[in-house]
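Here is what each chain is made of, one letter per residue.
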Amino acid sequence: MDVARQIDAMVRALPVAVVAVDRRARVIAANDAARRLLGPDPLDRPFVTLLRNPGVNQAIDRVLAPGHLAASASDPGPGGNGGALTMRAAIGAGSSGREPYFDVTVAPLPATLGGGALVTLIDTAPVEGAEQIRRDFVANVSHELRTPLTALIGFIETLRGPARNDAAARDRFLDIMERETHRMNRLVSDLLSLSRVESGERLRPVARVDLAVLLGGVATTLGPAAEKAGVRIELDTGDAPAWIPGDQDQLTQVFQNIIENAIKYGGSGGWVGIALREITHEPMLRGPAYSIEIADRGEGIDAIHLPRLTERFYRVDTHRSREKGGTGLGLAIVKHIVARHRGRLRIHSERGQGSRFTIVLPQASAAQPPAG
Ligand SMILES: Nc1ncnc2c1ncn2[C@@H]1O[C@H](COP(=O)(O)OP(=O)(O)OP(=O)(O)O)[C@@H](O)[C@H]1O
Ligand SMILES: [Mg+2]
């Protein structure tokens, strides 16, 4: 294979955008990712006409300058990078309106490959996206903790000052303080629960759970709350047991949250239905499954909220959810637990029509060899 073909094959084998240039900075090879970024027809053109970024073009000039490779080859130690130069550069206009940044590396090619250089462009958006999510998360947690803390500080001051000798006010304030501390406590345990579920998400559950019994238990636990809210729970699980590979505590958490939500936010309809059905073949899961549908006749959820409902801290009405003691982490935890069970969560709702949360769970874990 001649050198040009060798370089072309090498460039095409790389999973990120790569352009090879010759000693005069003309493009001699570019893979598909690079063509998508810099244009469909880059061959034989001077690199500077593809990308007018002074930093990157200066780096190419430096790397191609006579003596650069020899100078960097004498770099001592394993930290030497073969004379490559790295920088961050804004390239093109992002569809989101934000300038997309790339980590650009210019590395010299050895003389046996004709000299020249390899220019690698790596999109920083995925990393920056993850960093943004982390920052948002920390900001959300801080905000959620600060609200009850501010209330507590305020009441402590009042109890020390104006309300010092007012027994009735003291009792009322202590009640509120108790409620706020419980809320902080719930927030912290939900956060711990979320991180535990996330870190164990790849471990498939090995125990076996009867969904019919589990749903009966959750309905009983939530009976008093439903009664208080004037909601009748209708449970239809059939007579047969419904075994699946599952984690008892986690699945209890899933149904507790969804049924509790139906009572809390959909309770105005006065009814919550829980229906368990066997599915002999669920195409999405490629096998037999159970579906559990939890429906209410409450006010429903606007379609614009549906895709974001399982995000951490996302609430349709933050004030109302807080009032009801919610942290907005319930459905985020549900999503991760369902994923760990290789199941699916679907949400149907329309304003004024009530909501329906459907969970589909496979009857056998995919790792299990088929019987027989
Ligand atoms: N059945 C429902 N009807 C109407 N809105 C709902 C229903 N279920 C959930 N929601 C909306 O989805 C939001 C997110 O629910 P999620 O369970 O994640 O949080 P939460 O109930 O507010 O807090 P937590 O579950 O942590 O106590 C709720 O705040 C509510 O606005
Ligand atoms: Mg909830």
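Residues numbered from 1 in each chain as written. Chains lettered and ligands numbered in written order. Predicted model: local features only at pLDDT ≥ 70, side-chain atom pairs only at ≥ 80, totals over all residues. Heavy atoms only, no water.

- The name recorded for the chain in an unreviewed UniProt entry is histidine kinase, from Paracoccus albicereus.

Thoughts on helix H6 (residues 125-160)
Because an α-helix completes one turn every 3.6 residues, residues spaced three or four positions apart along the sequence face the same direction.
In step 1: Here H6 spans 52 Å end to end across 36 residues, near enough to the 52 Å set by a 1.5 Å rise per residue.
In step 2: When we look at burial in H6, the residues that qualify are Val-141, Glu-144, Pro-148, Leu-152, Phe-155 and Leu-159.
In step 3: Taken together, the buried residues of H6 touch helix H7 (167-199) and helix H11 (318-323). (Helix = DSSP H or I, 4+ residues; strand = E, 2+ residues; numbered from the N terminus. Expected span 1.5 Å × (residues − 1). Buried < 20%, exposed > 50% of the residue type's maximum accessible area, 1.4 Å probe, protein only. Contact = heavy atoms within 4.5 Å.)

Let's talk about the pattern of salt bridges
Where charged atoms from two side chains of opposite charge approach closely, those side chains can pair.
In step 1: By the definition in use, this model includes 14 salt bridges.
In step 2: The shortest N-O distance in the salt bridge between Arg-12 and Asp-32 comes to 3.8 Å. Of this pair, Arg-12 sits in helix H1 (residues 3-13) while Asp-32 sits in helix H2 (residues 32-38), and the two are 20 residues apart along the sequence.
In step 3: Where Arg-312 meets Glu-198, a salt bridge forms, and the shortest distance between an N and an O atom there is 2.6 Å. Residue Arg-312 is found in the loop between strand S10 (287-296) and H11, and its partner Glu-198 is found in helix H7; the two are separated by 114 residues along the sequence.
In step 4: Owing to a relative accessible area of 27%, Arg-312 belongs among the partly exposed residues under this scheme.
In step 5: For Glu-198, a relative accessible area of 33% gives the class partly exposed.
In step 6: A single salt-bridge network, built from bridges that share partners, covers Asp-8, Arg-12 and Asp-32. (Salt bridge = Lys/Arg side-chain N within 4 Å of Asp/Glu carboxyl O.)

Here we look at the layout of surface pockets
In step 1: Space inside the largest pocket adds up to approximately 1,200 Å³.
In step 2: Lining the largest pocket are 42 residues, with Asn-257, Glu-260, Asn-261, Lys-264 and Tyr-265 sitting closest to its centre.
In step 3: For the lining of the largest pocket, the element with the highest residue contribution is helix H10 (residues 248-266), accounting for 10 residues. (1 Å grid on protein atoms, 1.4 Å probe; cavity = no way out; pocket = protein on both sides within 12 Å on 5 of 7 lines; lining within 4 Å. Points joined across faces, edges and corners; volume = space filled by probe spheres on them.)

A word on unusual backbone geometry
In step 1: One non-glycine residue with positive phi stands out, namely Asp-44, at about 70 degrees.
In step 2: When you line up the elements, Asp-44 lands in the loop between H2 and helix H3 (47-50).
In step 3: Its relative accessible area of 58% is what places Asp-44 among the exposed residues.

Some points on the nonpolar core
In step 1: Grouped together as the largest cluster of nonpolar side chains are 46 residues, with contacts concentrated most on Leu-211, Phe-255, Ile-292 and Ile-294.
In step 2: Those elements that provide at least two residues to this core are H7, helix H8 (211-221), H10, strand S9 (271-282), S10, helix H12 (330-340) and strand S12 (354-362).
In step 3: Considering each element in turn, this core owes the most residues, 7 residues, to H10.
In step 4: Taken domain by domain, this core gets at least three of its residues from each of domain 2 (125-199) and domain 3 (204-372).
In step 5: Once residues within four sequence positions are removed from consideration, Phe-255 is found in contact with Leu-211, Leu-214, Leu-215, Val-218, Glu-260, Ile-292, Ile-294, Ile-359 and Leu-361.
In step 6: Ranked by size, the runner-up nonpolar core spans 25 residues in total, among them Val-21, Ala-25, Leu-51 and Leu-121. (Core = buried A, V, L, I, M, F, W, Y, C linked by side-chain atoms within 4.5 Å. Domains from an automatic or database assignment.)

Thoughts on the coordination of the magnesium ion (ligand 2)
In step 1: In the first shell of the magnesium ion (ligand 2), the protein supplies Asn-257 (OD1) and Asn-261 (OD1), at 2.2 to 2.3 Å from the metal. Taken together, the positions of Asn-257 and Asn-261, both in helix H10 and 4 residues apart, correspond to about one turn of that helix. The exposure classification of Asn-257 matches that of Asn-261, with both residues buried. (Donors = N, O, S within 2.8 Å, 3.2 Å for Na, K, Ca; no water.)

Some details on the domain arrangement of the chain
In step 1: Its domain assignment divides the chain into domain 1 (3-123), domain 2 (125-199) and domain 3 (204-372).
In step 2: When each unit is reduced to the centre of its C-alpha atoms, the spacing between domain 1 and domain 3 is 52 Å.

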